[in-house]
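Descriptive structure summary
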Amino acid sequence: MIDAHTHIQFPVYDAEREAVLARALAAGVAKMIAVGTQGATSRAAIDLSVANPKSVWATVGFHPNHLDSAWHHDKSELKDPFQEKFEIGVLAELARHPRVVAIGECGLDYYRLSVNGEVNTNLRIRQREVFQSQVHLALELKKPLMIHCRPTKGTDDAYEDLFSMLAQVTAIPRVIHFYVGSPQMTRRFVEAGFYFTFGGVITFSHDYDEQIRIIPIDRILSETDAPYVAPLTRRGKRNEPAFIVETVQCLAEIKEVSLMEMERSIDRNVEEIFGI
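Attention here is on the structure that accompanies the text.

Definitions and cut-offs
- Residues numbered from 1 in each chain as written.
- Predicted model: local features only at pLDDT ≥ 70, side-chain atom pairs only at ≥ 80, totals over all residues.
- Heavy atoms only, no water.
- Phe/Tyr/Trp six-rings, centres within 6.5 Å; stacked < 30°, edge-to-face > 60°.
- Helix = DSSP H or I, 4+ residues; strand = E, 2+ residues; numbered from the N terminus.
- Buried < 20%, exposed > 50% of the residue type's maximum accessible area, 1.4 Å probe, protein only.
- Lys NZ or Arg CZ within 6 Å of the ring centre and 35° of its normal.
- Pairing = 2+ DSSP bridges.
- Right-handed = clockwise from strand over helix to strand, strands pointing away.
- Contact = heavy atoms within 4.5 Å.
- Salt bridge = Lys/Arg side-chain N within 4 Å of Asp/Glu carboxyl O.
- Core = buried A, V, L, I, M, F, W, Y, C linked by side-chain atoms within 4.5 Å.

1. With respect to the packing of aromatic side chains
Throughout the structure, instances matching the rule amount to eight aromatic pairs. Relative to phenylalanine 189, the ring of tyrosine 159 has its centre 5.8 Å away and its plane inclined at 75°; by these criteria the two rings are edge-to-face. With a gap of 30 residues between them, tyrosine 159 in helix α5 (residues 157–166) and phenylalanine 189 in helix α6 (residues 183–191) connect regions that are remote in the sequence. Residue tyrosine 159 shares its accessibility class with phenylalanine 189, and that shared class is buried. Among the aromatic residues, ring-to-ring pairing joins Tyr159, Phe163, Tyr179, Phe189, Phe194 and Phe196 into one connected group. For the cation-ring pair, arginine 124 lies above tyrosine 110, with the distance from its terminal atom to the ring centre recorded as 4.0 Å. The positively charged end of arginine 188 is found above the aromatic ring belonging to phenylalanine 163, 4.5 Å away from the centroid.

Set out below in structure tokens:
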């Protein structure tokens, strides 16, 4: 099995990272992609991949939530409360490393941009600018995009903007992680050739079932987004790649295929997108 989006390079795993990797391999998780969220975590992802060349690959990116002046320090992600500034040159240098298989996670996050009903238009514009810079980098290096996109609650607004920015960008694979779009939006993304990752949330919520049924099996990947959102039997615990087994089983059930067929399809998709 494959965890196509995890953050096992984060400091929350420092005390037992080797044990986490060992548990993943013991559970049959043969490949893991450690996803960067800014310069420091992207660098850590590369270092972890270099140390584990047969099982871990890296991405390099700048998460849109790191642009907000009201940035929240997540101690699981970063030891020190230092808000890193976006510098495309820093990311570009890291992205050229041979262990880097994608640019991201990068994208748009409008979930917290409305205060008392008023939208922070300037931050939306800044998010789009920074995302566009990373899209250009991905095109330059011919590497896939690992996309973070979270709309305002109850809307598809961020997905609408994402679609307008990327619908015609077909030279590289576009992977939307932790996808939560409406069925209508899903059909548009499918027609435009996007890929999608799903994680532990699908094991305890049926809000994603219709979207998963709409998406062809050859566009679906499995993820944990560890350390976040553990699956049903592990809810409330820190997530880790070994737990992806439950998610893949759920995907197979929703798509009405065997577990083996789901595993093989995800493996083919990962090989096609990331070359691993």
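From this point, the discussion proceeds with the structure in view.
2. Quick look at the pairing of strand β8 (residues 174–177)
Both faces of β8 are covered, namely the face carrying Arg174 and Ile176 and the face carrying Val175 and His177. Where strand β7 (residues 145–150) lies against β8, four bridges are found, and the strand directions are parallel. What sits directly across from leucine 145, in β8, is arginine 174. Chirality of the crossover, the property in question, places the unit of β7, α5 and β8 among those that are right-handed. Here β8 runs beside strand β9 (residues 195–198); their pairing, made up of two bridges, is parallel. Its bridge partner being in β9, valine 175 is matched across the sheet by tyrosine 195. Once you follow β8 into α6 and on to β9, the crossover reads as right-handed.

3. Some remarks on the environment of isoleucine 46
You can see isoleucine 46 is positioned in helix α2 (residues 39–51). Exposure remark for isoleucine 46: the relative accessible area of 5% places this residue in the buried category. For the pair isoleucine 46 and valine 101, spaced 55 residues apart in the sequence, the C-alpha separation amounts to 10 Å. Leave out the neighbours within four places in its chain, and isoleucine 46 touches Ala58, Val60, Leu94, His97 and Val100.

4. A closer look at the pattern of salt bridges
Per the stated rule, a full pass over the model turns up twelve salt bridges. The salt bridge partner of arginine 17 is aspartate 14, with a shortest N-O separation of 2.6 Å. You can call arginine 17 buried: its relative accessible area is 16%. Judged by relative accessible area, aspartate 14 falls into the partly exposed class, the value being 36%. Of the charged contacts, one joins aspartate 267 and lysine 31 as a salt bridge, the two residues approaching to 3.6 Å between their closest N and O atoms. You can see aspartate 267 sitting in helix α9 (residues 259–274) and its partner lysine 31 sitting in strand β2 (residues 31–34), a full 236 residues away along the chain. When its relative accessible area of 32% is taken as the criterion, aspartate 267 is described as partly exposed. Connected through shared salt-bridge partners, Glu16, Arg23, Arg238 and Glu240 make up one network.

5. So, the nonpolar core
Among the nonpolar cores identified, the biggest contains 85 residues, and Leu162, Leu166, Phe189, Phe198 and Phe274 are the most heavily contacted of them. Setting aside its immediate chain neighbours within four residues, phenylalanine 198 contacts Tyr179, Tyr208, Ile212, Ile215, Ile220, Leu221, Ser222, Glu223, Thr247 and Leu251.

Read these as geometric descriptors, not functional statements.
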